[in-house]
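One-letter residues, chain by chain:
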Amino acid sequence: MKTIEEKQQEIVSEFSLFDDWMEKYEYIIDLGKDLPLIDENLKTEDRLIEGCQSRVWLNSEIVDGKMKYTADSDAIITKGIIGLLIRVMNS
């Protein structure tokens, strides 16, 4: 299993492949499109992240002894950023 630092470095390496910011934004958008959908029943007020400009729901649960996060957002860029976070934090 990769460490958080290894996952982070992998992401940094991926972003270094892009020459300009628009390509990086497009990559983030693609990550958001690939984010597995959170169950609609989990989009509740207690899972809504406060203080965000967009609506972001974050769920966590323990599966087979490991923490697993799922999330969704109504903004595509934010959804991509969440995808990065989940990629790093999921065990």
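Quick caveat, the model's predicted, so the values are computed rather than measured. (Residues numbered from 1 in each chain as written. Predicted model: local features only at pLDDT ≥ 70, side-chain atom pairs only at ≥ 80, totals over all residues. Heavy atoms only, no water.)

**Some words on the environment of E10**
Of note, E10 is situated in helix α1 (residues 4-16). Separated by 25 residues in sequence, E10 and L35 place their C-alpha atoms 18 Å apart. Excluding its chain neighbours within four sequence positions, the residues that come into contact with E10 are K2 and R87. (Helix = DSSP H or I, 4+ residues; strand = E, 2+ residues; numbered from the N terminus. Contact = heavy atoms within 4.5 Å.)

**Quick look at the pattern of salt bridges**
By the definition in use, this model includes seven salt bridges. Of the charged contacts in the structure, one is a salt bridge between E10 and R87, with a shortest N-O distance of 3.0 Å. Here the residue E10 occupies a position in helix α1, and R87 occupies one in helix α3 (residues 76-89), the gap between them amounting to 77 residues. For E10, a relative accessible area of 28% corresponds to the partly exposed category. The partner of E40 in a salt bridge is K43, and the shortest N-O contact between them spans 3.2 Å. K43 gets classed as partly exposed once you look at its relative accessible area, which sits at 24%. Ionic contacts of the salt-bridge type, sharing partners, join the residues K2, E10, E14 and R87 into one network. (Salt bridge = Lys/Arg side-chain N within 4 Å of Asp/Glu carboxyl O. Buried < 20%, exposed > 50% of the residue type's maximum accessible area, 1.4 Å probe, protein only.)

**A closer look at the pairing of strand β2 (residues 66-73)**
By the bridge criterion, eight bridges tie strand β1 (residues 56-63) to β2 in an arrangement that is antiparallel. When the sheet's bridge partners are listed, V63 is paired in β2 with K66. Here β1 hands over to β2 after two residues, with D64 in that stretch at a positive phi of 50°. (Pairing = 2+ DSSP bridges.)

**So, the side chain of D72**
Along the polypeptide, D72 turns up in strand β2. Reaching out from D72, the side chain makes a polar contact with the side chain of K43 at a distance of 2.6 Å. For D72, the side chain forms a polar contact with the side chain of K79, separated by 3.2 Å. When neighbours within four sequence positions are excluded, D72 is seen to be in contact with I38, K43, R55, V56, W57, K79 and I82. (Polar contact = N/O pair within 3.5 Å; in protein donor to acceptor, adjacent residues only side chain to side chain.)

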